[in-house]
Amino acid sequence: MASAAEELDAVVVGAGFAGLYMLHRLRGQGLSVKVFEAGADVGGTWYWNRYPGARCDVDSLNYSYSFDPDLEQDWEWTEKYASQPEIHAYLRHVADRHDLRRDIVLRTRVTAAVFDEDTARWTVRTDGGHEVSARFCIMATGCLSTPKFPEVPGLERFSGPWYHTARWPEDDPGFRGQRLGVIGTGSSGVQAIPFLAGQASELTVFQRTPNFVFPAFNGPIDRSVVAETKAHYREARTAARHSLFGVAMDMPTQSALEVSDDERRAVYQECWDRGHVFALVQSFTDLIFDAGSNETAAEFLREKVRDRVDDPELARKLEPRGYPFATKRPCLDTGYYETYNREHVHLVDLREEDLVEITAKGVLTTEREYEFDSLVIATGFDAMTGALLAVDIRGRDGVALRDKWRDGPETYLGVAVAGFPNLFTITGPGSPSVFGNMIVSIEQHVEWIGDLVDHMARHDRSVVEAVDTAEKEWTEHVRAVSDATLLPRADSFYLGANVPGKPRVFMPYVGGVGPYRAKCDEVAGNGYEGFVLR
Ligand code: NA7
């Protein structure tokens, strides 16, 4: 354990993709750094989300670090979309390859971070009794890391075991021969359900909102694509950094309404065949701007549900309706809809009956009680702000971040907060973050923060703080950009709408990963305009 007086240059909270690279980067700049990680291993999201079927929805060659050109040549992905065990193995390899573990304290949750104005340092405390003092406090806590649970009472009364997908035990419980209930049909539910159906004797899925789901067409990675990518990885990385979603793709030039029905169908079918979330979202210029265009994609996808589900009544319940396509993150599946064609798989539509409570025996709705041996909770996360606000962060004048963000998060560029000097939020609210390839956005923030810290050292500055007016302007810009789209029309985690009482504020910056990078570079190029350096 660290001594009470330990003084560091930087504390990093979290040892997932963001925390590992931040440690590597700052250590390379000569700083003393310590990382605190709540999990028993490195990996972040890919440590915690170990439920059966857990898999990335961005292709392996893009969902990987670019900062180490030897690593990207050495590492061999085996599948088009990597599974949780493979991504976790990759992150463990990175930790070892760069000797990161010696500065990482595992099984330790940061509980508080308090800024002292006299010393201009952060005091960071953990549940393990550590107290360290650091010039910089960097939150690498992830966007989808604080699980949320169903808002009905009674989970503690359930007599069988239950598991949240984001807190899956290291020893997979297995449900062979059991009556199993699953609550939630987002990506986690959609990925887990086909696997769980392979184990349970009876599987009942509680669906509140049907998602837009299409096949990943996952399988062994195409070796010719690997060879081609590795031969030109540097160019591919540059293209990804300047793209809309952090994955390089041809930009559309036409509205979905400018082409004939046949042409439009052919485009959708081609995107469908690729099994790629962003390909379909980016198939026409206006899918996220124009409700009429959007509806053509939505209907194409509903038709596919009808093709895949044998029972028309069941298909109707599974068809996504009531919100535009891509206003919630679409899901990539492997055998999801076909699972409902199995006799022992049942769907409870929570638009027709409400959840009332969890009972000792199972789940009570307004219609009846469903009895289970085990329950799987796939109800998602308190996204983007949940993990930041779980820590008692106090800036200048003792102001709590929880109070400052009472009406929703306000940041400058999603990476800094006025009143909280020397605090950085990697992929924080107000940055592209979950609205694209997380790894591209993580690397961009890590490098931008590293450059700023370096700039401060060279100019003999020890404190950097976002200016209030710059923060207000940026927060307003984030809102205006999302308001120009259809995105605020769904009750999504982007808006905090999945957590009762959470302010309804659209949190990711949706102006594009490339344009956002250009803005950050411009800010830095202009001597970090919008920041005060002391
Ligand atoms: P998501 O996408 O937030 O999905 C959570 C699911 O749980 C979703 O279907 C919710 O329905 C449902 N939910 C949440 N609360 C309840 C209650 N109280 N009752 C019934 N159903 C509920 O989280 P995931 O973990 O699946 O995926 C997160 C991201 O990980 C994903 O976007 C990918 O980027 C990777 P709702 O839609 O809110 O009505």
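Up top you'll find the structure we're talking about.
Model, not experiment: these values are computed from the prediction. Starting from 1, residues in each chain are numbered consecutively following that chain's sequence as written. Per-residue local features of the predicted model are confined to residues with pLDDT of at least 70, and side-chain atom pairs are confined, for both listing and counting, to 80 or more; whole-chain, interface and lining totals are unaffected and use all residues. Computation of side-chain values covers all heavy atoms of the structure but excludes hydrogens and water.

**Overview of the overall build of the protein**
Each helix corresponds to a stretch of at least 4 residues labelled H or I by DSSP, and each strand to a stretch of at least 2 residues labelled E; elements are numbered beginning at the N terminus. Within the protein one finds 17 helices and 20 strands. Only the C-alpha atoms count toward the radius of gyration. The rule for a globule is 2.2 Å times the residue count to the power 0.38. Whereas a compact globule of 534 residues would reach a radius of gyration of roughly 24 Å, the protein reaches 23 Å, a difference of no more than 12%. Its C-alpha atoms put the protein at 70 × 55 × 45 Å along the principal axes. When accessible area is computed with a 1.4 Å probe and restricted to protein chains, residues below 20% of their type maximum are described as buried, those above 50% as exposed, and intermediate ones as partly exposed. Counting only residues that meet the buried cut, the protein has 60% of its 534 residues in that class. Partitioning the intrachain contacts of the protein with sequence separation of at least 6 by distance along the chain shows that 72% fall at a separation of at least 24. Working note: accessible area of the protein is about 20,800 Å², and carbon and sulfur atoms make up 49% of it. Two residue types count as positive, namely Lys and Arg, and two as negative, namely Asp and Glu; His and chain ends fall outside the count. Charge coordinates come from a single atom per side chain, which is NZ of Lys, CZ of Arg, CG of Asp or CD of Glu. Once the 57 positive and 81 negative side-chain charges of the protein are each reduced to a mean point, those two points are 2 Å apart. Note on definitions: a residue-residue contact is assigned when non-hydrogen atoms from the two residues lie within 4.5 Å. In these tables, accessible area is a Shrake-Rupley quantity obtained with a 1.4 Å probe, and a residue counts as shielded only by the protein chains included in the view.

**Considering the sheet that holds strand β15 (residues 369-371)**
Two strands qualify as a pair provided DSSP detects at least 2 bridges between them. One open sheet holds the 3 strands; their spatial order is β13-β14-β15, and the pairing between them is antiparallel. Here the strands that pair on one side only, and so sit at the sheet edges, are β13 (355-358) and β15. Within this sheet the neighbouring strands show an average axis-to-axis angle of 20°, counted without direction. Bridging between strand β14 (residues 362-365) and β15 involves 3 bridges; their strand directions are antiparallel. Its bridge partner being in β15, Leu-364 is matched across the sheet by Glu-369. Note on definitions: angles span 0 to 180 degrees between N-to-C directions of axes, and those axes are lines fitted to C-alpha atoms, for helices only across the stretch in contact.

**Quick notes on the nonpolar core**
Here, the term nonpolar core denotes a set of buried Ala, Val, Leu, Ile, Met, Phe, Trp, Tyr and Cys residues that are joined through side-chain atoms within 4.5 Å. Ranked by size, the top nonpolar core spans 106 residues in total, and within it Phe-17, Tyr-65, Phe-325 and Trp-448 carry the most contacts. Leave out the neighbours within four places in its chain, and Trp-448 touches Leu-413, Val-415, Cys-520, Asp-521, Val-523, Ala-524, Tyr-528 and Phe-531. Formed by 28 residues, the second largest nonpolar core is a distinct cluster that contains Tyr-163, Phe-175, Leu-196 and Leu-314.

**A closer look at the pairing of strand β16 (residues 374-377)**
In regular strands, side chains alternate between the two faces of the sheet. Going residue by residue along β16, you find Ser-374 and Val-376 tucked away on one face and Leu-375 and Ile-377 tucked away on the opposite face as well. As judged from the 4 bridges shared by strand β8 (residues 179-183) and β16, these two strands associate in the parallel manner. Note that in β16 the partner of Val-182 across the bridge is Val-376.

**A look at the side chain of His-98**
Turning to its location among the elements, His-98 is positioned in the loop between α4 (84-97) and β3 (104-105). Here the side chain of His-98 touches Asp-68 through a polar contact of 2.9 Å, side chain to side chain. Dropping the residues within four chain positions of it, His-98 is found in contact with His-24, Arg-27, Phe-67 and Asp-68. N or O atoms within 3.5 Å of each other form a polar contact, as long as, within protein, one can give a hydrogen and the other can take it, and as long as residues adjacent in sequence are counted only when both atoms are side-chain atoms.

**Quick look at the environment of Thr-296**
Here Thr-296 lies in helix α10 (residues 291-308). Each C-alpha atom, one on Thr-296 and one on Pro-169, is 41 Å from the other, the two residues being 127 residues apart in sequence. Setting aside anything within four residues of it in sequence, one finds Thr-296 in contact with Ala-256, Leu-257, Arg-264 and Tyr-268. In this structure the side chain of Thr-296 is engaged in a polar contact, spanning 2.7 Å, whose partner is the side chain of Tyr-268.

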